[in-house]
Amino acid sequence: MTRQGLVSTKGARPLSPFERYGDADLRMLIDEHPLAWVTARGGEGLEASLLPLIGVYDEDGRLIELIGHLARRNPLHAALAKDPSATILFRGPEGYVSPEQAGLRDWAPTWNYAQARVNADIVFDEAATEQSLAVLIMAMEHSRSDPWSTAELGERYPGMLGAIIGFRARPTAIAAKFKLGQDERIDTLRAILAATADPALRRWMAHFNRSRL
C-alpha cells in the first residue's frame, strides 16, 4: 500500500504537499472524526447516509477494514445489498482563513481542511451485528468515568438489535488530502496559527507542519 492508499502511483502526477501523509495521519482522521458519509448506487439513484465507523488496522498501521452498522430499513442497506461497492467520505477539522489572520492584505483567503475518500466493498454480516455495535460503543464510551453498556437497555435490547445489521467495509482504494498550511511561508503560517480560534484546527495545522515549527 502506498501512502495514498491501495492504488498504484506508477505514472501518476506529482503529489501536492496536501497529499503527502502517512498511515498514522489517516488513522487520526478516522479515530477523531468517525462519522462518515457512506454512499452507494445500488438502488434507483445515489443513496447516502452518515454512519459512525471504526477502523481496523494491520500490524503496520494500515487501514484494512471499517466496522459499522445501519438500520435495516435504511434505503442504503438495500442499495448496498444490490451493489456492495461504496464510497466513504470522512471530513476532519476545517475552517476559513482570512487575510486578516495571515496579516497580509494582499494575500488571498483560503479554506483549510482534512478529508479522506475510501472506496470499499461492503460485506453485511448478521452474525457480527452485536460485535459491530460493541466495537462502536467501546470506542465512544471507554474514556468516560462511568461507561454505558447495552446491558442497561434490559429487555429492549434484543428488539433494537434486530432492527440493525452490521457490516465490514474492505478498502479497495484510499485517497486523502490534508490542506493545513503546508504551502505557506513560515512567518505566514505562524501568524495564521496564532489567529486561529478553533483549537482542533490549530492542532492539526501544527501537526502537519511540525518539522517547520
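What counts, and at which threshold
- Residues numbered from 1 in each chain as written.
- Predicted model: local features only at pLDDT ≥ 70, side-chain atom pairs only at ≥ 80, totals over all residues.
- Heavy atoms only, no water.
- Helix = DSSP H or I, 4+ residues; strand = E, 2+ residues; numbered from the N terminus.
- Contact = heavy atoms within 4.5 Å.
- Buried < 20%, exposed > 50% of the residue type's maximum accessible area, 1.4 Å probe, protein only.
- Polar contact = N/O pair within 3.5 Å; in protein donor to acceptor, adjacent residues only side chain to side chain.
- Salt bridge = Lys/Arg side-chain N within 4 Å of Asp/Glu carboxyl O.

1. Concerning the overall build of the chain
Working step 1: Looking only at helices and strands, the chain features 7 helices and 7 strands.
Working step 2: Listing each helix as α and each strand as β along the chain from the N terminus yields α-β-β-β-β-α-β-α-β-α-α-β-α-α.
Working step 3: Overall, the chain is about 60 × 50 × 35 Å in size when its C-alpha atoms are taken along their principal axes.
Working step 4: Taking as baseline every contact in the chain between residues at least 6 positions apart, the subset at least 24 positions apart corresponds to 71%.

2. Digging into the side chain of E65
Working step 1: Its place among the elements puts E65 in strand 4 (residues 63-71).
Working step 2: The class for E65 is buried, based on a relative accessible area of 13%.
Working step 3: A polar contact of 3.3 Å, which involves the side chain of E65, links it to the side chain of R170.
Working step 4: The residues contacting E65, other than those within four sequence positions of it, are I54, G55, V56, R168, A169, R170 and P171.

3. A word on the pattern of salt bridges
Working step 1: Within this structure, the stated rule accounts for 10 salt bridges.
Working step 2: Across the pair R72 and E126 runs a salt bridge, and its minimum N-O distance is 3.4 Å. Here R72, found in the loop between strand 4 and helix 2 (75-82), pairs with E126, found in the loop between strand 6 (110-124) and helix 4 (129-141); they are 54 residues apart in sequence, far enough to count as distant.
Working step 3: A relative accessible area of 30% places R72 in the partly exposed class.
Working step 4: With a relative accessible area of 56%, E126 lands in the exposed category.
Working step 5: In this structure, R185 and D187 form a salt bridge, with 3.2 Å as the shortest nitrogen-oxygen distance.
Working step 6: The exposure class assigned to R185 is exposed, which follows from its relative accessible area of 51%.
Working step 7: A residue is classified by how much of its surface remains accessible, and D187, at 44% relative accessible area, is partly exposed.
Working step 8: Here the residues in one salt-bridge network are D23, D60 and R62, joined through shared partners.

Structural measurements only, silent on function.
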